[in-house]
Amino acid sequence: MPTGPLPAAQVTLRVEPQSRHQTIAGFGTSIRLFDDPHLTETSDPATQRSAVVIPAAEQARILAALYQELGLTRIRYATDPGVEPENDNADPSVTDLSRFDFRWKRLDGHVEYVQAARALGATQWFGSPITIESWMSHDNPAEYVEWALAIIRRWHDLGATLPYWSIINEPGYAANLSGAFIRDAVKQIGAKLAAEGIPTRLVIPDDADPAAALARAQVVLADPVARQYVAALATHLYVTSGTPQQPSLNKLAELSALAKQYGLPLWMTEWFNPDWFTWAKTMHTLLADYDVAAVDYMWGFLGQWESIGAQLITVTSTGNAYTGFVKNKQYWTMGHWSRFVPPGAVRVEVTSSDPAILASAYLTGTRLVVVALNTGGSEKTIQVAFGDGSPCVQLVTSERTSGFETARILEPLALAGPGFTTALPPTSLTTFVASP
């Protein structure tokens, strides 16, 4: 690596690869199937599926956009009730599969989706039930456990074993399940999966906001039997009593500390924002300030009926006719991390001399990746300095998104001493890749 002083700059970013933080688990989204009526809010009475039909070739393009071009690796699929519409029998230890319905969006369609996405780079997938079946108890998880195990076994039998299973989506919302319910369900499901040799691990509590997630996670992790089956802590960033447009971070530090206490990764599994730069700042905050290991956007793709920004890709239609899809600015924003920071990358320390310049850095093999945001209203010249333990950098490439640019590939940067100097426009997001 070249040595010598760096030229003067307004802001210094110093990267310290020897100071390491969390291992990145990946980036992803929640998904619904292409023919789910909820995707476009249309329904064909004859098929009960979406009246807007997305051609197979277009489905393949959307999948490629997410899992090849954007580099997403995680899939969180939405499980609607109806898998067991009525109790199969009075004994939760005996499962009558003839009373279960795994067809289409209840399960089997998601297996097909995952298999297609796996071929394009997806490596992690997990179910997060929207709610339990209406006839199930909210106090005794025995029937839920039977139901969840039937779903997990089906995935396993179809050759797409779930790496993870989230006990419930937002337990305080539709299902209204307590921490004690989740704790007991984890203990029962975990023991049965271990006995059967199915490697699916459990995620808790996947709650609406960090405060609710902290309260339920504390109950579960206080039990050493339950704790051994938990693979990750997960939260969303919604304000439970207000609009979902504002992140709730007040308890995220405590949730992060709880995860570290028990050696668990922390995931942010659902949120969105209609403003791309707010999403960029939120991703930075999650990764750099709270050691979040995985970040999942609300929807990978959804119809134009939903507010723009709730999905990375908007599926467009006129009446019941499919007309195409659009990659929203949030898509390109997420790509500043997901395309350059793969699972297994390690976040390393980076310090900024200016609070308006936010930066995070990642070591992936022999490459250093630095993601920098200029949150201020004027251009800033930055000096990126590589500390001890940095790879021998020979080339620095970069890509920028701002109010008037989207994933613009910039000219390679010249090294000056142990780093480089460049300019960041106001309200911009830039990813730098330093390679040997």
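See above for the structure.
Residues numbered from 1 in each chain as written. Predicted model: local features only at pLDDT ≥ 70, side-chain atom pairs only at ≥ 80, totals over all residues. Heavy atoms only, no water.

Would you mind showing me how to read the overall build of the protein here?
Helix and strand counts for the protein come out as 10 helices and 19 strands. Against the compact-globule benchmark of 22 Å for 436 residues, the protein has a radius of gyration of 23 Å, which places it among compact chains. Along the first, second and third principal axes, the C-alpha set of the protein runs to 75 × 55 × 40 Å. Sorting the 436 residues of the protein into buried and exposed places 58% on the buried side. Relative to all contacts within the protein whose residues are 6 or more apart in sequence, the contacts with residues 24 or more apart total 76%. In the structure as shown, the protein presents an accessible area of about 16,300 Å², 51% of it carried by carbon and sulfur atoms. Mean positive and mean negative side-chain charge positions of the protein (31 and 42 charges, respectively) differ by 5 Å. (Helix = DSSP H or I, 4+ residues; strand = E, 2+ residues; numbered from the N terminus. Rg over C-alpha atoms; globule rule 2.2 N^0.38 Å. Buried < 20%, exposed > 50% of the residue type's maximum accessible area, 1.4 Å probe, protein only. Contact = heavy atoms within 4.5 Å. Areas by Shrake-Rupley, 256 points an atom, 1.4 Å probe, with all protein chains shown as cover. Lys, Arg positive; Asp, Glu negative; His and termini not counted. Charge placed at Lys NZ, Arg CZ, Asp CG, Glu CD.)

Help me understand the sheet that holds strand β19 (residues 428–435) in this model?
Paired through their backbone hydrogen bonds, the strands of a sheet run either parallel or antiparallel. Here we have 9 strands laid out as an open sheet, ordered β17-β16-β19-β14-β13-β12-β1-β15-β18, and mixed in their pairing. Each of the sheet's edge strands pairs with one partner strand only, and the pair in question is β17 (405–409) and β18 (419–424). Pairs of neighbouring strands in the sheet enclose a mean axial angle of 25°, with direction left out of account. Here strand β1 (residues 11–23) runs beside strand β15 (residues 380–386); their pairing, made up of 5 bridges, is parallel. Residue V15 lies in a different strand from β15, and its bridge partner there is F386. (Pairing = 2+ DSSP bridges. Axes fitted to C-alpha atoms, helices over the stretch in contact; angles between N-to-C directions.)

What exactly am I supposed to notice about the packing of aromatic side chains here?
Any two aromatic rings considered together are summarised by their centre-to-centre distance and by the angle between their planes. Counted according to the given criterion, the structure contains 16 aromatic pairs. An angle of 65° between the planes, with centres 5.1 Å apart, marks the rings of W276 and F277 as edge-to-face. Accessibility classification places W276 together with F277 in one group, the buried group. Counting every residue linked through ring pairs, the aromatic cluster contains F34, Y67, Y113 and F301. If you follow R74 out to its NZ or CZ, it ends over the ring of W267, 4.0 Å from the centre. Above the face of the W276 ring, K329 is positioned so that its terminal group lies 5.3 Å from the ring centre. (Phe/Tyr/Trp six-rings, centres within 6.5 Å; stacked < 30°, edge-to-face > 60°. Lys NZ or Arg CZ within 6 Å of the ring centre and 35° of its normal.)

I'm lost on unusual backbone geometry in this one. Help?
In this structure, the amide linkage connecting I204 to the following residue, P205, adopts the cis form with an omega of -20°. The phi dihedral of D291 is positive, around 55°, even though this residue is not glycine. Take D291: it is sitting in the loop between α9 (276–289) and β9 (294–303). What makes D291 buried here is its relative accessible area of 15%. In the Ramachandran plot, A407 falls in the positive-phi region, its phi being about 50° despite a non-glycine side chain. Secondary-structure assignment places A407 in strand β17.

What is the right way to look at the nonpolar core in this model?
Across soluble globular proteins, nonpolar side chains show a tendency to be buried alongside one another. The biggest cluster of nonpolar side chains holds 108 residues, and the ones touching the most others in it are L66, Y113, Y144, W165 and L233. Tallying contributions element by element places helix α4 (residues 142–157) first for this core, with 9 residues. In contact with L66, not counting residues within four places along its chain, are G71, L72, Y113, G300, F301, L312, I313 and Y331. With 22 residues, the next largest nonpolar core counts I357, A361, L424 and F432 among its residues. (Core = buried A, V, L, I, M, F, W, Y, C linked by side-chain atoms within 4.5 Å.)

Would you mind going over the pattern of salt bridges with me for this structure?
Going through the model one piece at a time under the given rule, you end up with 26 salt bridges. E58 is paired through a salt bridge with R61; the nearest N and O atoms lie 2.9 Å apart. Residue E58 and its partner R61 are both found in helix α2 (residues 56–69); the two are separated by 3 residues, about one turn of the helix. E58 gets classed as buried once you look at its relative accessible area, which sits at 15%. Taking the relative accessible area as the measure of exposure, R61 reaches 47% and is therefore partly exposed. D80 is paired through a salt bridge with K105; the nearest N and O atoms lie 3.5 Å apart. Taken together, the positions of D80 in the loop between β3 (74–79) and α3 (108–118) and K105 in the loop between β3 and α3 put the pair 25 residues apart, joining distant regions of the chain. For D80, a relative accessible area of 14% corresponds to the buried category. One continuous salt-bridge network, built from bridges that share partners, spans R32, D36, D80 and K105. (Salt bridge = Lys/Arg side-chain N within 4 Å of Asp/Glu carboxyl O.)

Just to check I follow, could you spell out the packing of helix α5 (residues 179–196) against helix α6 (residues 210–221) for this structure?
To characterise two packed helices, one gives the angle between the axes of the helices and the distance between these axes. At a minimum axis distance of 8 Å, the contact between α5 and α6 shows a crossing angle of 40°. On the basis of their axis angle, the class for α5 and α6 is oblique. With respect to the hand of their crossing, α5 and α6 are arranged in right-handed fashion. Residues G179, A180, I182 and R183 of α5 form the contact with α6, whose own contacting residues are R216, V219 and V220. A class-by-class count of the residues in the contact of α5 with α6 yields 4 nonpolar, 1 polar and 2 charged. (Parallel < 35°, antiparallel > 145°, perpendicular 65-115°, else oblique. Left-handed = near helix turned anticlockwise from the far one by under 90°. Nonpolar A, V, L, I, M, F, W, Y, C, P; charged D, E, K, R; others polar.)

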